[in-house]
Every structure is written in C-alpha cells, then in structure tokens.
Amino acid sequence: MKIIAIYGGPRLNRNTDQMLKRYLENIDINKNTIERVDLKDLTISMCDACYYCAKNAKCKFNDDMNLIYKKLDEADIVILATPMFFNSVSSLTKVMIDRCQMYWSKKFLLKKQTLKKGKKGILLITTGAKQKDKTIPGVSLVVDLFFKSIDAKFTETILIDNTDNKPFEERTDVIKHVISSAKSIY
Ligand SMILES: Cc1cc2nc3c(=O)[nH]c(=O)nc-3n(C[C@H](O)[C@H](O)[C@H](O)COP(=O)(O)O)c2cc1C
C-alpha cells in the first residue's frame, strides 16, 4: 500500500508529531511505502475562491500543493495528523484542505475524478483540553469532507486529548492503540 502521512502541526517533537512518528514506525514497511509530508515546510497559497478549478479541473496556483496533489492521487491510505486549534484542524492543515476544492470540483461539479479507488483516510489528533464529545465534531466535519473530496473512506480517528495535563509520552493506554492501529493498517 502507498501511504501518505500529512503532518499539519507547526511544531516538532511534541504531542502530534510524536503520535505520528509512533504510528509510522509501527507500520510494516515490507508491505507498505510511507511518505511523510510536513506542511510547515511547504509553501501553499490559500485558496482565493477564484473557481478556476470548477471549469478547468485543476488549480491555477503553481506551488508546493502540487507535491501533495501528486501524493494524494497515488495514495491508498492518507493519514492526516493535526493538533486541534479552536475546535478545528490547525491553520496549516486547513489551508491544504481548502486547496482540495480542486478535487471537490472535479468530483461533484465536473464528475471526472481520477483518484485511485478504495482509498482510506485516518485522522490522528491531539487536543489540549479533555474532549467531552470524543467524536470531536468541529474537526470531524472538516476532515470528513476533505476525505470525501479525495475519495477516501474515513476509517478511523485516534484522539489524544488533555495533552495540557498529560502529554503524549505518558499516555500508555492510547499509545497501545496507536501501535495496534498502525500494525493493522492494511
Ligand atoms: C492556536 C491554538 C489553538 C488551540 N485550540 C485548542 C482548542 O480549541 N481545544 C483544545 O482542546 N486545545 C486547543 N489547543 C491546544 C492544542 O490542541 C494542544 O496543545 C495540542 O496537543 C498541541 O499539539 P502539539 O503538542 O503537537 O503542538 C490550541 C493550541 C493552540 C496553539
């Protein structure tokens, strides 16, 4: 399986990055190829709602989003890792998702999606506060539409909440879940 892991956090070696690393190092590399992309290292313009994609089935911008488009086109599994910012995904992640309006237009307006079929989408998320509603609606709605646009089935969310009080390294229970999910990814 071809796996693309999109890291949408602004900082490294903290909760979300640690969770993603732990996840990726437990994927069987004999059966899968993994490519990780850190959005913070890329230059991606925000969508300016020009609707070029609604007519042309592609984006008018020529920037690092082209790398992501290529990887999303080819991937069997898309892992999105983001911290929660203001009840949603991080801003880096949201800019990337908005640029997937191109896929939304291709799929829903132009009916000519060309993505590989049978994709899976997995969300890894950390939040500072405890989440009463473990379905994290503000994030799930955004990510669900992102995965729909790229023709991926949203198969799993792994949430690590309350990182303000108990950071990732201390979460042995959830780490076990991270590892078991990664080992059974295909
Ligand atoms: C701009 C900003 C907004 C945040 N908004 C929320 C929020 O709405 N809810 C929440 O529980 N935590 C929020 N947090 C806390 C982060 O989600 C939390 O610290 C997360 O684990 C950070 O991930 P990191 O350690 O990988 O950077 C926010 C943090 C920042 C910097």
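The chain is annotated in an unreviewed UniProt entry as Flavodoxin family protein from Helicovermis profundi.

Caption draft 1: View of the packing of aromatic side chains. Applying the stated criterion across every chain, the model contains 4 aromatic pairs. Consider the rings of W104 and F108, whose centres lie 5.4 Å apart with planes at 45 degrees: the pair is tilted. With a gap of 4 residues between them, W104 and F108 both fall in helix α5 (residues 101-109), about one helical turn apart. Residue F108 is classed as partly exposed on the basis of its relative accessible area of 31%. With 5.1 Å between their ring centres and 70 degrees between their planes, F147 and F154 make a pair best called edge-to-face. Residue classification places F154 among the partly exposed residues on the basis of a relative accessible area of 24%. By the ring-pair criterion, three or more aromatic residues cluster together here, those being F146, F147 and F154. Note that R36 overlies the ring of Y7, its terminal NZ or CZ placed 4.7 Å from the centroid.

Caption draft 2: Helix α1 (residues 15-25), seen in detail. Taken across its 11 residues, α1 has 8 buried, putting it largely inside the fold. For α1, the complete set of buried residues consists of N15, T16, D17, Q18, M19, L20, Y23 and L24. Buried residues belonging to α1 abut β1 (2-7), β2 (33-38), β3 (77-83), β4 (119-126), β5 (152-160) and α7 (172-183).

Caption draft 3: Highlighting the site of the ligand. Within the structure, the ligand sits among 16 residues, and R11, T16, M84, T126 and T163 are positioned closest to it. Measuring from a nitrogen atom of the ligand, one finds a backbone N or O atom of F86 at 2.8 Å. For the ligand, whose accessible area on its own is 640 Å², the fraction buried by protein is 73%. A per-class count over the shell around the ligand returns 5 nonpolar, 8 polar and 3 charged.

Caption draft 4: Highlighting the pattern of salt bridges. The final tally for this structure, using the stated rule, is 18 salt bridges. Where K31 meets D28, a salt bridge forms, and the shortest distance between an N and an O atom there is 3.8 Å. For the salt bridge of K71 with E35, the shortest nitrogen-to-oxygen distance reads 2.7 Å. One end of the pair, K71, is in helix α3 (residues 65-74); the other, E35, is in strand β2, and 36 residues separate them in sequence. By relative accessible area, E35 is classed as partly exposed at 38%. Sharing partners across several salt bridges, the network here consists of D17, K21, R36 and D38.

Caption draft 5: How the structure looks around unusual backbone geometry. At A49, a residue that is not glycine, the phi angle is positive and equals roughly 55 degrees. Following the sequence through the fold, A49 ends up in the loop between β2 and α2 (52-56). Its relative accessible area of 47% is what places A49 among the partly exposed residues. Its identity as a non-glycine residue notwithstanding, D151 has a phi of 60 degrees, on the positive side.

Reading the values: the criteria
Residues numbered from 1 in each chain as written. Predicted model: local features only at pLDDT ≥ 70, side-chain atom pairs only at ≥ 80, totals over all residues. Heavy atoms only, no water. Phe/Tyr/Trp six-rings, centres within 6.5 Å; stacked < 30°, edge-to-face > 60°. Helix = DSSP H or I, 4+ residues; strand = E, 2+ residues; numbered from the N terminus. Buried < 20%, exposed > 50% of the residue type's maximum accessible area, 1.4 Å probe, protein only. Lys NZ or Arg CZ within 6 Å of the ring centre and 35° of its normal. Contact = heavy atoms within 4.5 Å. Near = heavy atom within 4 Å. Polar contact = N/O pair within 3.5 Å; in protein donor to acceptor, adjacent residues only side chain to side chain. Areas by Shrake-Rupley, 256 points an atom, 1.4 Å probe, with all protein chains shown as cover. Nonpolar A, V, L, I, M, F, W, Y, C, P; charged D, E, K, R; others polar. Salt bridge = Lys/Arg side-chain N within 4 Å of Asp/Glu carboxyl O.

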